[in-house]
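# Examination of the molecular architecture
Spelled out from the first residue to the last, the chains are:
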Amino acid sequence: MAASLFVMGSEAKDSIYKEGWIDFNKNGTMDTYENPEADIDARIQDLLNQMTVEEKTCQLATLYGSGRVLTDSLPTARWKEEIWKDGIANIDEQLNGVGSGRKRYPELIYPFSNHAKAINQIQQWFVEETRLGIPVDFSNEGIHGLNHTLATPFPAPIGIGSTWNRELVHQAGCIAGKEAKALGYTNVYAPILDVARDPRWGRALECYGEEPYLIAELGIQMVKGIQSQGAASTLKHYAAYSVPKGGRDAAVRTDPHIAPRELHQLFMYPFKRVIQEAHPMGVMSSYNDWDGVPVTASYYFLTELLREAYGFRGYVVSDSEAVEFVQTKHRVADTYEEAVRQCVEAGLNVRTHFTPPADYILPLRKLVKEGKLSRKVLDQRVGEVLRVKFELGLFDHPYVEDPSLADKLVGADKHEDFVMEMQRQSLVLLKNENSLLPLDKKTLKRVLVVGPLAKETNYMISRYGPQGLKNITVYEGIETYLKGSAEVDYAQGCAVKDSLWPDSEIIPAPLTPKEQAGIEEATQKAAEADLIIAVLGEDETCTGESRSRTSLDLPGRQQQLLEALHATGKPVVLVLINGRPLTINWADRNIPAILEAWFPGCVGGTAIARTLFGEYNPGGRLPMTFPQSIGQIEFNFPFKPGSQDGQYFAGPNGSGSTRVNGALYPFGFGLSYTTFQYNNLTIEQETPHSQSDIHVSVDVTNTGQRAGDEVVQLYLSDKVASVIPYDSQLRGFERIHLQPGETQRVSFVLHPADLEILDVHNEWRVEPGEFEVRIGASSEDIRLKDTFTVE
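Moving on, we get to the packing of aromatic side chains. A ring pair, where both rings are aromatic, is described by two values, the distance of the centres and the angle of the planes. Overall, the coordinates contain 32 aromatic pairs when judged by the stated rule. Pairing tyrosine 33 with phenylalanine 395 gives two aromatic rings, centres 6.1 Å apart and planes at 85°, and the pair type is edge-to-face. You can see tyrosine 33 sitting in the loop between strand S2 (21-22) and helix H2 (40-50) and its partner phenylalanine 395 sitting in the loop between helix H15 (375-391) and helix H16 (405-409), a full 362 residues away along the chain. This pair shows no difference in class: tyrosine 33 is buried, exactly as phenylalanine 395 is. Connected via pairs of aromatic rings, a cluster forms that spans Trp164, Tyr213, Phe637, Phe639, Phe667, Tyr715 and Phe733. Here the guanidinium or amino end of arginine 166 rests over the ring plane of phenylalanine 733, the centre of that ring lying 3.9 Å away.

In structure tokens, the structure reads:
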């Protein structure tokens, strides 16, 4: 039920709202936890001393918002009978408008000021109607931009990773944090720091890429941006989550094949660096295991690594059903209560799942009452939650102080230039034979835009990002751009998937008459066009959460459509819409121009059109390797020496030619409409010792005729080590913009941590020896090399 919106200043509130403090426990005295000047540790301890077991256990559970678990949009009288009468840790996705939620209470979602008022009214209930008045942490997703109707969208995270632009990602975090704070959300579930090493995995779409240094650098900026606005950032998904066996997702969610040293060098690296350098207030524990132990029930992961080694000081929420899986999937607990005990003792703070919070709170209370869970552990977990609430200022300023500001600060329309800039910087040019691109609209009279994704928008709408926006399709973007200049025709050609998909990926079937007719219609229209722009790839039913694949080829009949279009003899430009690397070998060999767009946001069509016609010069770089075949997987960067080499064609240990070798497009790859030259590499050491910084500089010149962006990449190779090092590792990058003929000196600093290896004794250290610096435009396109030695 909806109730009246929150209005400050009623007499009921005047009794607890004092000058400079709030009387949360309504006793007329400023207790230590109510004193804004008191030390946070003292405030936490004072509050814990006053809390009952019932109140403490309520601080260890999430209440999912209206339409998920909560049936009310605003407080009602019956809340006094609910378990949260004693408080709650957080409320997630309350009135954010996701899915059908936008239709239930639209007036509380937009205008934005009404949402801020609604959150205030809910917060007011917890402050005024619970015994101790502990405020709620309001959480919401944010990996594509804040997950609220009409908020500012970002491209899919794999597109964010393709920007290779720290400053841009920091700005994105600031926008998400600012919008969250203005709307009343105090905790943003972003960024995802999973290292996506297997492109079959459905959630590769939601990751910044396959390389831990790139992920860490962008993750640091996203966290700092969000938290600079006074909201918490919660990292996902901790840990070892992104490589389930065979790349399988959904019901699998288990059995990652990760060796111990690889765990720390690759998969924990982004979490370690982001936690130590950006200090996020939240971490979400994943529902997979590692080495036979569920992560959410692992003392090693949640306490020894996270808190003791990395220094995490926030609170840990579980990913949905992670606690339940300890019993039902992983089978290391014979009862649900035992699963709860294991998770809490391991270090889990807050259980988050799409069922009522009582499902977790009541077993917790029973465990404490029976002496199976110590009160000391209970106090520790609750204290960690309270610390975040104190650090967020919820005990000093629990409300959105000026709800009207939300209407001025929030919304895609307030950040139009940024939305377009991030979108265009995410585009990656994969092929441009004979400089077909950029297109010259003056030479075109008729353009055919063809393909099942040309007029599709579902990939622009994310469960984890803003909704309700006006989405511009690729067709619309091109039609608008060429209006008054050239005629733009359209043909679907085929559906994204055929009726037998995904079975058709392993057992081909003949084209149906309808499918044949669709392709014939497209080729007939192509015969009348000067140029074909084919928009192919995956939509949101093919990739994303719970949508792993057994093939990386174009789904359905799209390959047949592309071959038929090519056969017309007309020039074809391929625009890829997809959430993962695809094995587009035929296209790479036969189609002259290919633009990778990933899953763009609402202005994707406009950004793509402007890029194809040269208004923008694409400068994005691949954050994941494109293999030529799924038979090569795992095939990615970084890799161990020799592990991705070819075969011997002669020699005493056998020889032959039995497989395809090499990447289709390597990590860091991307073309431009201009060219760049690298010169004058210099390496300067402060001292030759292991704890000194190394300064690396190089000149980069735009040698072409157009202004453009180059992503200058620094790779480091440890020549000899006590354990096998990676062939090379990314240890620096800068995205720079150069005018034609312009030269810029690009400088990097290698810190001791950049040279460290997890040695034979499982200790991080810089080992003496020779290191090679490789500077280039991709992991394979190395332009300059030099070495230095550490003593």
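Over its 12 residues, helix H14 (residues 358-369) extends 16 Å from the first C-alpha to the last, a length consistent with the 16 Å expected when each residue adds 1.5 Å. Here H14 has its buried residues at Tyr360, Ile361, Pro363, Leu364, Arg365, Leu367 and Val368. Of the surrounding secondary structure, the elements contacted by the buried residues of H14 are helix H3 (53-58), helix H12 (322-328), helix H13 (336-346) and H15. Just beyond H14, the residue with positive phi is glycine 371, at close to 80°.

To continue, consider the sheet that holds strand S22 (residues 708-718). As summarised here, the arrangement of the four strands in space is S23-S22-S27-S28, forming an open sheet in which the pairing is antiparallel. Both edges of this open sheet fall to strand S23 (729-738) and strand S28 (782-790), since each of them pairs with a single strand only. Geometrically, the sheet is characterised by an average inter-axis angle of 20° between neighbouring strands, direction not taken into account. Two strands pair when backbone bridges link them, and S22 and strand S27 (residues 769-776) are joined in this way by six bridges, in the antiparallel orientation. The partner of tyrosine 715 across the bridge, within S27, is arginine 774.

Take the sheet that holds strand S3 (residues 62-64) next. Backbone hydrogen bonds are what pair the strands of a sheet, in a parallel or an antiparallel way. If you trace the seven strands from one edge of the open sheet to the other, you get S3-S4-S5-S6-S7-S8-S11, paired in parallel fashion. Both edges of this open sheet fall to S3 and strand S11 (315-318), since each of them pairs with a single strand only. Direction aside, neighbouring strands of the sheet carry axes that sit 30° apart on average. Two elements, strand S7 (residues 232-238) and strand S8 (residues 282-285), share three bridges in a ladder whose sense is parallel. Residue pairing across strands places tyrosine 238 opposite serine 285, the latter belonging to S8.

Before going further, it helps to spend a moment on the side chain of aspartate 249. Its place among the elements puts aspartate 249 in the loop between S7 and helix H9 (260-267). Aspartate 249 gets classed as buried once you look at its relative accessible area, which sits at 6%. A distance of 2.7 Å separates a polar atom in the side chain of aspartate 249 from the backbone nitrogen of serine 546. Apart from residues lying up to four places away in sequence, aspartate 249 is in contact with Trp201, Gly202, Arg203, Gly544, Glu545, Ser546, Arg547 and Ser548.

What counts, and where the lines are drawn
- Residues numbered from 1 in each chain as written.
- Predicted model: local features only at pLDDT ≥ 70, side-chain atom pairs only at ≥ 80, totals over all residues.
- Heavy atoms only, no water.
- Phe/Tyr/Trp six-rings, centres within 6.5 Å; stacked < 30°, edge-to-face > 60°.
- Helix = DSSP H or I, 4+ residues; strand = E, 2+ residues; numbered from the N terminus.
- Buried < 20%, exposed > 50% of the residue type's maximum accessible area, 1.4 Å probe, protein only.
- Lys NZ or Arg CZ within 6 Å of the ring centre and 35° of its normal.
- Expected span 1.5 Å × (residues − 1).
- Contact = heavy atoms within 4.5 Å.
- Pairing = 2+ DSSP bridges.
- Axes fitted to C-alpha atoms, helices over the stretch in contact; angles between N-to-C directions.
- Polar contact = N/O pair within 3.5 Å; in protein donor to acceptor, adjacent residues only side chain to side chain.

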